[in-house]
Amino acid sequence: MTVRTVMGWNLRQVMATHGMYQTSELVPLLAERGVHLSREHVYRLVARTPQRLNMEVLAALCDILDCEPNDLLVPTVVEDQTAKTGTGDRGPGIGDLRPIRARVRRPPEDG
């Protein structure tokens, strides 16, 4: 089992607490702060967790929403379980399996 840290992205929830329910409302507010993003890019920023985030964008979002970066980004520890491959200790091993001799029976000859 491996442990990794996943960042949660709470931009939509923080926007909702400030009464902002449409992603298009962020576009002019970001432009006022010198961050020029397309409407589509802002939608992706709100709807999905970004893989990378520019510090200027994060600072502008915190200024617009009057919040701290830790309100938007929440680290979560996730334990990944290893996939079961079927090679565990369950059942007989390959050395324990022996083929069974087949019996070939011919139909009786009617004649």
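To be clear, the structure that these remarks concern was listed above.
Just so it is clear, the structure is predicted and the values come from calculations on it, not from any experiment.

Student: Requested: an account of helix α3 (residues 39-47), with residues and values cited.
Tutor: Looking at α3, one finds that the buried residues are V42, L45 and V46. Mapping the buried residues of α3 onto a view down its axis gives an arc of 95°, with all of them on the same face. Elements in contact with the buried residues of α3: β1 (2-9), α1 (11-17), α2 (26-32) and α4 (55-65).

Student: Just give me the short version of the environment of T17, but keep the residues and values in it.
Tutor: Looking at the element boundaries, T17 is found in helix α1. Taking the C-alpha atoms as reference, T17 lies 9.1 Å from L65; in sequence the two are 48 residues apart. At a separation of 3.3 Å, a polar atom in the side chain of T17 contacts the side chain of H18.

Student: Can you tell me about the nonpolar core, naming the residues and giving the values?
Tutor: Membership of the largest hydrophobic core comes to 20 residues, with the highest contact counts inside it found for L11, M15, L26, L30, L61, L65 and L72. At the level of secondary structure, the elements contributing two or more residues to this core comprise α1, α2, α3 and α4. Excluding anything up to four places from it in sequence, L61 contacts W9, L11, L26, L30, L45, C67 and L72.

Student: Go over the pattern of salt bridges, please, and point to the residues and values.
Tutor: Summed over all chains, the structure comprises four salt bridges. The salt bridge partner of D80 is R4, with a shortest N-O separation of 2.6 Å. Linking D80 in strand β2 (residues 73-80) with R4 in strand β1, this pair joins segments that are 76 residues apart in sequence. What makes R4 partly exposed here is its relative accessible area of 45%.

Student: Describe the side chain of T23, and please don't skip the residues or the numbers.
Tutor: Position of T23 relative to the elements: it lies in the loop between α1 and α2. With a relative accessible area of 15%, T23 lands in the buried category. Contact partners of T23, with chain neighbours within four places excluded, come to R12, M15, V42, Y43 and V46.

Student: Any details on unusual backbone geometry? Residues and values, ideally.
Tutor: Backbone geometry places D66, a non-glycine residue, at a positive phi of 50°. Mapped onto the elements, D66 comes out in the loop between α4 and α5 (69-72). A residue is classified by how much of its surface remains accessible, and D66, at 68% relative accessible area, is exposed.

About the criteria used
Residues numbered from 1 in each chain as written. Predicted model: local features only at pLDDT ≥ 70, side-chain atom pairs only at ≥ 80, totals over all residues. Heavy atoms only, no water. Buried < 20%, exposed > 50% of the residue type's maximum accessible area, 1.4 Å probe, protein only. Helix = DSSP H or I, 4+ residues; strand = E, 2+ residues; numbered from the N terminus. Arc of directions from axis to C-beta. Contact = heavy atoms within 4.5 Å. Polar contact = N/O pair within 3.5 Å; in protein donor to acceptor, adjacent residues only side chain to side chain. Core = buried A, V, L, I, M, F, W, Y, C linked by side-chain atoms within 4.5 Å. Salt bridge = Lys/Arg side-chain N within 4 Å of Asp/Glu carboxyl O.

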